[in-house]
Each structure stands twice: as structure tokens, then as C-alpha cells.
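This is what each chain is made of:
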Amino acid sequence: MAMALSPLLEAMADSPFHDLTPQEQVARVESEGGIPYELCRQSWTQEMHSRRVAELLNATKERVAREKNVDRAATYAARRRMSMDVEDPPEMSLYDQAKGVVGRMQLGQDITKFELPATFLTPFSAIQASEDVLTIIAGTERSDEDWKALSDVSVDCETRFLNVLRLFLDMESLRCEEGTGGGTKSAFTMPPMKKPINSVLGETHRTRVGEVEMIAEQVSHHPPITCWEVEHKLAGMKITGNLSPKPIFHGTSVQVALRGTLLYEFPETGEAYVASIPDLYIRFFGMGGGYNENVGRVRFERVSGGRTGDHRRLWADLHFKARGSAGWKSKAHRMDATVYRDASSTPSTSGGVVGLGYGFLENFSEKTDAAFKSAKASAPKWCAKNYAGGGGPGVEVVATLKGHYNTDIIDLRTGEVFWKAARRKPRNPVAATVPIDLETESHLVWGDLIRAIVREDWKKANAAKKRVEVAQRALMKEIKEGRKTWVPRLFAREQKTDLGVVRGMYTLRPNVREDPPECDRDWHEHIGKAVFEDL
């Protein structure tokens, strides 16, 4: 007896959408407004988003099947018969799996190099977690005047610097597992013993919320580097992130060394700011229970005065403090910071680089590079509590900050509240996933795996995970053996030539938003054709 496709696939089998070219399919999806969902909530739990992703995933599988001259119905039936003939081995409990995995890990081991079963994965990939920035930019209450104040030339550069620093604190506050005092909370929190899906090389992701758009790409696999850019047209602002996370196993905890850099650009003034990112500490067990928190030393720096005519150096050193070994909640989310100005760098009308970009070099350069050594020698000593002399000759203290980055932070010099957690909007805005293409889009690459994790179908989840990993290894072999040169499609280095060493960041290529490049042919051959098959 012949076996048919599942009811969902049958319903979509004769869709005219399948007869469109890949470019026409993307244009159709974009003209329909993308794949809508409610921002600040988990998209994979929202029926409208999940169903539309399933439809597009099916369309891509249909197109790949036609290209490979494969009869999907016959293949599906054959696999179903095989699965009925093979008895599944008894499934291990989550406890036994965790015991086996932890038993093979060594203290200090990089988890990205350790193959975990699907039961230890969250239903989202690392690149999707970049959407957190949209929760702050589009999901919190800010007036048009608040956004325009970030590049308001009627106030001095110190005021603008402090306004952008407050936005940076908003972005970091979102990692608080229980949410902030303003009601905001990440949709990408990680339960104990769980980690995001490792993004595959060339994976892309695009999200829109009104006039705000985020584009992301996985530009490197070893080491893993995720890049994203958010453009906020009303604010006249672009934020670029380069993140190279390295999760380290510590027995009862994992410390994710994010090794990230953020670049804030304001085209109206030409000013630019760079910040490094604190580590994410994930404690599984403790006297205070499991928790996530920011840990580490960060420098936030004005690196360009642009066309303002004021090129004084300004920077802030921030210390995100750990709770300690006991993990008491009373010591959670503490932060100290000091804001400095270099009084010896007088305002000038000449252009050029203001800051050193030391935070970027610290994360993305070889420690033997001449540029790193020079910046390290020239950079003021990092200090989150201002010390004698205000941080060195010619350096003055602008503000001394102390508080909790989930509620409020006080300027100790004035006694006034410097920063307060952004308030969540009464209603979450509607966002949309707008694929760059219908192959590399993250929700499609990992569509089968995400759906299986949500349904707790671990047999199918492990099969979907292994399928992508094997395909990626085939592409990486081509690259390693010199038969393929990998060039990121959406992002490139050495584009910000006016920002000194920061030009080494990956930033979005010109015209990508208006005219995205087509899917890489080798990616399609090695990954696309292997991944987009029915399980």
C-alpha cells in the first residue's frame, strides 16, 4: 500500500508558489510583509510564525527535490516503511544523558568543540539570539526626542556620549534572567544544561520591526563569529555587533566568553562609539539556585568625533560583578563604572580618529600584532573606580556610577539616578522574519530541528542536527583543502577606514539591504541540497 505525504505537505503540494524562481519566492514573501510574530516573545511558540516557516521550508524542499529529480512522496513512503521495520533503541533519560555528557567533559573545556545531543539544545540558533537587541530598540518606551538626543548637535559631546552609554546599559540589562525593573525580558534565556544551536557557516537572518531592521550572518565557523547590524532610521543610528562566543565548562557552571564588540554609528554627526561586551555566566546549581548574569570588565569608548568639530577623548570603564561562589541573589546584577575625559585633547576642527579601539583589539586581534601592542601601551589603565589623578595625567572624571544593571544606577558625584531600566511597551510590537533567501535563513536551515525540539521528538531532532553538521563538514573540507575560498556574502572587513583599528570589524556591505546577493552556489551544493530533504 502506497504511503502519502503528511496532511500539511499534501495541502501545500500543488501550491503555485513552488513554480516561482528562488528570487521570485523571496520577493513574494517580502511583499507579504515577511513571517509575522510578536516581538519579545518566543517566535517558535507562536502558531502563525511556526506554520508559515513550515510552509516555506516545504517550498524549499520541493524546489531542491525537483532540482535533484527526487519523488518526495515515494522517498517519504520508503523512509516510513524503513522506520517501521527498525525497532528504536530504548531512550535514555535526560539525567542519564547529562551524566554521560558531563562525565566526558573536562574543566576548562571549550563546549563549542564538544558534540552535544539535541536534548541539550534550545529551539533557537545563536544567530537568532541577536534579536535581543530589537527587544530594547523596538520593544521599550522611547519618544522620538529620546532617539534624536543620541545625535543632537545642540548639546555637547559629553551629553551625547552619556546618552549612548545609557542605551548600551539597556542592551546589557536584558540578559537578566528574571527580567528588568522596567519589565523587559529576553526571549532567548537558556535553562540549565541547555545551549543555543551552533549557527552554520553562511547562515543568515533578517528581522524587521517597523522602520527598524536587523541583518545577521555567520561569517566564520572556526572560530565562530556572528555579525549583525541594526539600522534605526528614525534615530539615524546603526549598531553593528561582532560576537565570537567561547563557552567554557566549569563543572557546575559555564562561562560564555562572548569576546564581542559593538559599534554605534550616527551618520548625522559622523560620531562613532565602540564597546566590548561582558561575559555571560550561567550557573546550574548553587545556594541561590541556578542563574545567568553578566560578568567582566568592559570599556565603552568614543572612537570618532565625526563632523562635530569636537574630538575630545571620552571613555567609560565598567565592571559587571559576579555574585560570588554562594550565588546569593542579594549580590546579583551589581555594577561599578567611571566615565573619563582626556582634558589634554582639546576640541579641534580637524577630523580623524579619537579613541584607540582597544576593546576591539582585545577581542579580535593577535596579541602579537603591532597595532595591539601600540594600543595597549597608549590606552589608559582600565579602572571602574576612579583612582588618584583621575586615571592618569590630563584625565578627569566625568561621572562615578554604582548600582544594579537590572533596575537603576546612581551617579555618586551628584547623587542622582544616571540610568533606569527601560520600560517595556504596554503591547509588544509586531515583528517579521524577512528571509534574505529561502535556504540560508536561520529558521529554515534549522526548521526541522527546531520543530523536533519543541515537540520533544529527540530521534528526529538528532537526525536533523546531524544532517546539517555533516553537510557543513563537507563544505569546510572544500575550504580547508583549497578548492573553495569562503567570502561572507553580507559582511566584510576593512570598510570603516576612517575609524583606525576598528576598520577590522565586520560591517555590512553596501546596498545589501536594497539588493541582497544570491545564495552562494557552493553553499547550496554542499549544505542546501543535503539539508532540505524530508526526514
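Quick caveat: nothing in here was measured; it's all calculated off a predicted structure. (Residues numbered from 1 in each chain as written. Predicted model: local features only at pLDDT ≥ 70, side-chain atom pairs only at ≥ 80, totals over all residues. Heavy atoms only, no water.)

A.B. asks: Could you clarify how one ought to interpret the overall build of the protein chain in this entry?
C.D. replies: Scanning the protein chain from N- to C-terminus turns up 14 helices and 21 strands. Looking at the protein chain residue by residue over its 535 residues, the buried ones come to 54%. Considering only contacts within the protein chain whose residues lie at least 6 apart along the sequence, 68% involve residues at least 24 apart. Total accessible area computed for the protein chain in this model is approximately 23800 Å², and 52% of it derives from carbon and sulfur atoms. (Helix = DSSP H or I, 4+ residues; strand = E, 2+ residues; numbered from the N terminus. Buried < 20%, exposed > 50% of the residue type's maximum accessible area, 1.4 Å probe, protein only. Contact = heavy atoms within 4.5 Å. Areas by Shrake-Rupley, 256 points an atom, 1.4 Å probe, with all protein chains shown as cover.)

A.B. asks: How should I be thinking about the packing of aromatic side chains in this particular structure?
C.D. replies: Aromatic ring pairs are described here by two measures, namely the spacing of the ring centres and the angle between the planes. Counting across every chain of the model gives 11 aromatic pairs. A cation over a ring is seen here: Arg 52 above Phe 17, with NZ or CZ 6.0 Å from the ring centre. Positioned over the ring face of Trp 382 is Arg 297, at 4.4 Å from the centre of the ring. (Phe/Tyr/Trp six-rings, centres within 6.5 Å; stacked < 30°, edge-to-face > 60°. Lys NZ or Arg CZ within 6 Å of the ring centre and 35° of its normal.)

A.B. asks: What is the right way to read the pattern of salt bridges from this model?
C.D. replies: Any two side chains of opposite charge can pair, on the condition that their charged atoms come close. The final tally for this structure, using the stated rule, is 42 salt bridges. Here Glu 30 makes a salt bridge to Arg 208, at a shortest N to O gap of 2.7 Å. Remark: Arg 208 occurs in strand β4 (residues 204–209) and Glu 30 occurs in helix α2 (residues 22–31); sequence separation between them is 178 residues. For Glu 30, a relative accessible area of 31% translates into the label partly exposed. We classify Arg 208 as partly exposed; its relative accessible area is 24%. Between Arg 208 and Glu 213 there is a salt bridge whose closest N-O contact spans 2.4 Å. Residue Glu 213 is classed as buried on the basis of its relative accessible area of 9%. (Salt bridge = Lys/Arg side-chain N within 4 Å of Asp/Glu carboxyl O.)

A.B. asks: How should the pairing of strand β18 (residues 416–420) be read in this particular structure?
C.D. replies: The two faces of the sheet receive side chains in turn, since in a regular strand these alternate between them. In the sheet, strand β17 (residues 408–411) pairs with β18 via four bridges, with the strands oriented antiparallel. Residue pairing in the sheet places Ile 410 in a bridge with Val 417 of β18. Linkage of β17 to β18, two consecutive antiparallel strands, is achieved through a turn of four residues, within which Gly 415 is found at a positive phi near 80°. (Pairing = 2+ DSSP bridges.)

A.B. asks: Any chance you could explain empty space enclosed by the protein here in plain terms?
C.D. replies: Sizing a probe to match a water molecule and rolling it over the atoms shows the empty space that remains. Under the defined criterion, the tally for this structure stands at two cavities of 30 Å³ or more. The volume enclosed by the largest cavity comes to roughly 60 Å³. For the lining of the largest cavity, the class distribution of residues is six nonpolar, three polar and three charged. (1 Å grid on protein atoms, 1.4 Å probe; cavity = no way out; pocket = protein on both sides within 12 Å on 5 of 7 lines; lining within 4 Å. Points joined across faces, edges and corners; volume = space filled by probe spheres on them. Nonpolar A, V, L, I, M, F, W, Y, C, P; charged D, E, K, R; others polar.)

A.B. asks: Where do I start with the nonpolar core in this structure?
C.D. replies: Counting residues in hydrophobic clusters, the biggest one holds 100 residues, and the most contacted among them are Leu 165, Trp 228, Tyr 264, Phe 300 and Leu 318. The biggest single contributor to this core is helix α8 (residues 157–173), with nine residues. Core analysis: the next-biggest nonpolar cluster, separate from the first, contains 20 residues, Val 303, Phe 364, Phe 491 and Met 505 among them. (Core = buried A, V, L, I, M, F, W, Y, C linked by side-chain atoms within 4.5 Å.)

A.B. asks: Where do I start with the side chain of Lys 484 in this structure?
C.D. replies: Along the chain, Lys 484 falls in the loop between α13 (458–480) and β20 (491–492). In this structure the side chain of Lys 484 is engaged in a polar contact, spanning 2.9 Å, whose partner is the side chain of Asp 520. Among the polar contacts listed, one links the side chain of Lys 484 to the side chain of Asp 522, at a separation of 3.2 Å. Once you skip the residues sitting within four places of it in the chain, Lys 484 turns out to touch Leu 475, Glu 478, Ile 479, Asp 520 and Asp 522. (Polar contact = N/O pair within 3.5 Å; in protein donor to acceptor, adjacent residues only side chain to side chain.)

A.B. asks: Can you help me understand a positive patch on the surface in this one?
C.D. replies: Residues Arg 80, Arg 451, Arg 455 and Lys 460 make up a contiguous surface patch of positive charge. Positionally, Arg 455 belongs in helix α12 (residues 447–455). (Patch = residues over 30% accessible without salt bridge, like charges linked within 9 Å, V, L, I, M, F, W, Y side chains within 5 Å. Lys, Arg positive; Asp, Glu negative; His and termini not counted. Charge placed at Lys NZ, Arg CZ, Asp CG, Glu CD.)

A.B. asks: So what exactly am I meant to see when it comes to the packing of α12 against α13 here?
C.D. replies: How two helices sit against one another is set out by the angle between their axes and by the gap between those axes. At a minimum axis distance of 8 Å, the contact between α12 and α13 shows a crossing angle of 155°. Accordingly, the angle class assigned to the pair α12 and α13 is roughly antiparallel. In the packing of α12 onto α13, the handedness of the crossing is left-handed. Where α12 abuts α13, its residues Asp 448, Leu 449, Ala 452 and Ile 453 lie against Trp 458, Lys 460, Ala 461, Ala 464, Lys 465 and Arg 467. Among the residues forming the contact of α12 with α13, the class breakdown is six nonpolar, no polar and four charged. (Axes fitted to C-alpha atoms, helices over the stretch in contact; angles between N-to-C directions. Parallel < 35°, antiparallel > 145°, perpendicular 65-115°, else oblique. Left-handed = near helix turned anticlockwise from the far one by under 90°.)

A.B. asks: Please clarify how unusual backbone geometry should be interpreted in this entry.
C.D. replies: When glycine is set aside, most residues are seen to have a negative phi, and most peptide bonds are trans. In this structure, Pro 223 follows His 222 across a cis peptide bond, with omega equal to -5°. Positive phi is not limited to glycine here, since Asn 511 has a value of about 65°.

A.B. asks: Explain α12 to me, please; I cannot follow it from the model alone.
C.D. replies: In an α-helix, one turn spans 3.6 residues, which is why side chains three or four residues apart end up on the same side. Listed in full, the buried residues belonging to α12 are Gly 447, Asp 448, Leu 449, Ile 450, Ala 452 and Ile 453. On its buried face, α12 is in contact with α3 (47–67), β2 (121–125), β3 (195–197), α11 (442–445) and α13.

A.B. asks: Which parts of the structure should I look at to understand the environment of Ala 322?
C.D. replies: For Ala 322, the location among the structural elements is in the loop between β14 (314–320) and β15 (334–342). Overall, Ala 322 belongs to the partly exposed group, its relative accessible area being 35%. Along the primary structure Ala 322 and Met 335 are separated by 13 residues, whereas in three dimensions their C-alpha atoms are 9.2 Å apart. Apart from the residues within four sequence positions on either side, Ala 322 is in contact with Glu 293, Val 295, Lys 331 and Arg 334.

A.B. asks: I tried to follow the environment of Met 171 on my own but got confused; where do I start?
C.D. replies: Take Met 171: it is sitting in helix α8. Taking C-alpha positions, Met 171 is 6.2 Å from Val 133, a pair spaced 38 residues apart along the chain. Setting aside residues no more than four positions away along its own chain, Met 171 makes contact with Val 133, Ile 136, Trp 228, Ile 239, Leu 262 and Tyr 264.

A.B. asks: Mind showing me how you'd approach the environment of His 319 here?
C.D. replies: Here His 319 is to be found in strand β14. Among the residues examined, His 319 registers a relative accessible area of 28% and is labelled partly exposed. Residues His 319 and Trp 382 lie 63 residues apart in sequence; the distance between their C-alpha atoms is 9.8 Å. Leaving out residues up to four positions away in the same chain, His 319 has contacts with Gly 296, Arg 297, Arg 334, Met 335, Asp 336, Trp 382 and Ala 384.

A.B. asks: Would you mind showing me how to read helix α6 (residues 132–139) here?
C.D. replies: Taken across its eight residues, α6 has eight buried, putting it largely inside the fold. Among all positions in α6, only Asp 132, Val 133, Leu 134, Thr 135, Ile 136, Ile 137, Ala 138 and Gly 139 are buried. Looking at the buried side of α6, the elements it contacts are α7 (144–148), α8, β4, β5 (212–220), β6 (225–232) and β7 (237–243).

A.B. asks: I keep staring at the side chain of Asp 170 and nothing clicks. Help me out?
C.D. replies: Residue placement: Asp 170 occurs in helix α8. Setting aside chain neighbours within four positions, we find Asp 170 in contact with Ile 136, Arg 142, Trp 419, Lys 420, Ala 421 and Ala 422.

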